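Coordinate inspection notes
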Amino acid sequence: MAELAEAAGITVRTLRFYRERKLIPPPRREGRIAWYDEHHLARLRTIAALLERGHTLGGIAELLTAFEHGRGVGELLGMPGAIATPWAEETPVRLSPENLADHFAGEVTPENLAGALDIGYLAVDGDEIVHVSRRLLNASSALVAKGIPLAAVLAAGRDVRAHAEALAETFTALIREHVLNGLPDRAAGGEPLPPDEITRVTQTLAALRPIAKDVIDAELSLAMDRRLSAELKAWPPADDAPPE
């Protein structure tokens, strides 16, 4: 709940109030874990946009209820669900403490557990541990198996997360300025949106997902080549290597 409130730019108290007023749907429950997702965040941003334009919470509740019976939350601003469709394709993994220890032999220390919980890789659900992503779990365990300490892997994960957030903001800014181009504001103000504009946005967002991933993969590959080449140039030539 705290993470959702921070992402939406509101307080936890305000979020609880919205839940009590049934302005947002309940979270998905797994034991004692309450999972919020992009759809909850999209709903909160919709509420904020409508409040800015003078709508009351009572009016917003009625409007949301009406749309829920016919269209999804993403369509409240005249946009189809594509704008709120998750880009991530990650599968959470449920682990026992023993399973976790098997993945990171000798590295499951209280400090590393706290670090993994802090970065959001792990969550605790009763007697089980939930890892947010099978791909990240496999990558982390593979790096540890190659001799990289888990603490270093987690530190690198924090850096990667920060850079990923910056990359995501770059692509979001492009979408905001050149794809949406003021359409959400017009729709929230009561202006009907032409069907061809809605179709254009839907198709463009769907096409951008693989394009964004390709761009990041290509740029990372090129950057790694540049960095490794610079590292190799710094090494002394084989003939000048000091004797053993």
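Just above, that's the structure.
Quick look at the structure, then. (Residues numbered from 1 in each chain as written. Predicted model: local features only at pLDDT ≥ 70, side-chain atom pairs only at ≥ 80, totals over all residues. Heavy atoms only, no water.)

The subject of this paragraph is the packing of aromatic side chains. Scanning the entire structure with this criterion turns up one aromatic pair. Both rings, one in phenylalanine 17 and one in tyrosine 18, keep their centres 6.4 Å apart while their planes meet at 50°; by these two values the pair is tilted. (Phe/Tyr/Trp six-rings, centres within 6.5 Å; stacked < 30°, edge-to-face > 60°.)

Attention now moves to the sheet that holds strand β4 (residues 122-125). Reading across from one edge, β3-β5-β4 is the order of the three strands in this open sheet, with antiparallel pairing throughout. Two strands bound the open sheet, and with one partner strand each, they are β3 (93-95) and β4. The average undirected angle you get between the axes of adjacent strands in this sheet is 30°. In this sheet, strand β5 (residues 128-131) lies alongside β3 in antiparallel orientation, the contact comprising three bridges. Along β5, the bridge assignment pairs arginine 94 with valine 130. (Pairing = 2+ DSSP bridges. Helix = DSSP H or I, 4+ residues; strand = E, 2+ residues; numbered from the N terminus. Axes fitted to C-alpha atoms, helices over the stretch in contact; angles between N-to-C directions.)

A word on the pattern of salt bridges. Under the defined criterion, the tally for this structure stands at four salt bridges. Arginine 94 is paired through a salt bridge with glutamate 30; the nearest N and O atoms lie 2.7 Å apart. Of this pair, arginine 94 sits in strand β3 while glutamate 30 sits in strand β1 (residues 28-30); the two residues are 64 residues apart in sequence, bridging distant segments of the chain. On the basis of relative accessible area, arginine 94 is assigned to the partly exposed category, the value being 37%. Here arginine 176 ties to glutamate 169 by a salt bridge, and the two come within 3.7 Å at their closest N and O atoms. Overlapping salt bridges bring together Arg28, Glu30 and Arg94 as one network. (Salt bridge = Lys/Arg side-chain N within 4 Å of Asp/Glu carboxyl O. Buried < 20%, exposed > 50% of the residue type's maximum accessible area, 1.4 Å probe, protein only.)

Turning to a nonpolar patch on the surface, a few remarks are in order. A cluster of nonpolar side chains, Leu220, Met224 and Leu228, forms an exposed patch at the surface whose accessible area comes to about 290 Å². Tracing the backbone through its elements, the reader meets leucine 220 in helix α10 (residues 195-234). You can call leucine 220 exposed: its relative accessible area is 52%. (Patch = residues over 30% accessible without salt bridge, like charges linked within 9 Å, V, L, I, M, F, W, Y side chains within 5 Å. Areas by Shrake-Rupley, 256 points an atom, 1.4 Å probe, with all protein chains shown as cover.)

A separate point is the nonpolar core. With 14 residues, the main nonpolar core has Leu100, Phe104 and Leu150 as its most contacted residues. Ranked by residues supplied to this core, first place goes to helix α8 (residues 150-180) with three residues. Core analysis: the next-biggest nonpolar cluster, separate from the first, contains 13 residues, Ala5, Tyr18, Ile24 and Leu41 among them. (Core = buried A, V, L, I, M, F, W, Y, C linked by side-chain atoms within 4.5 Å.)

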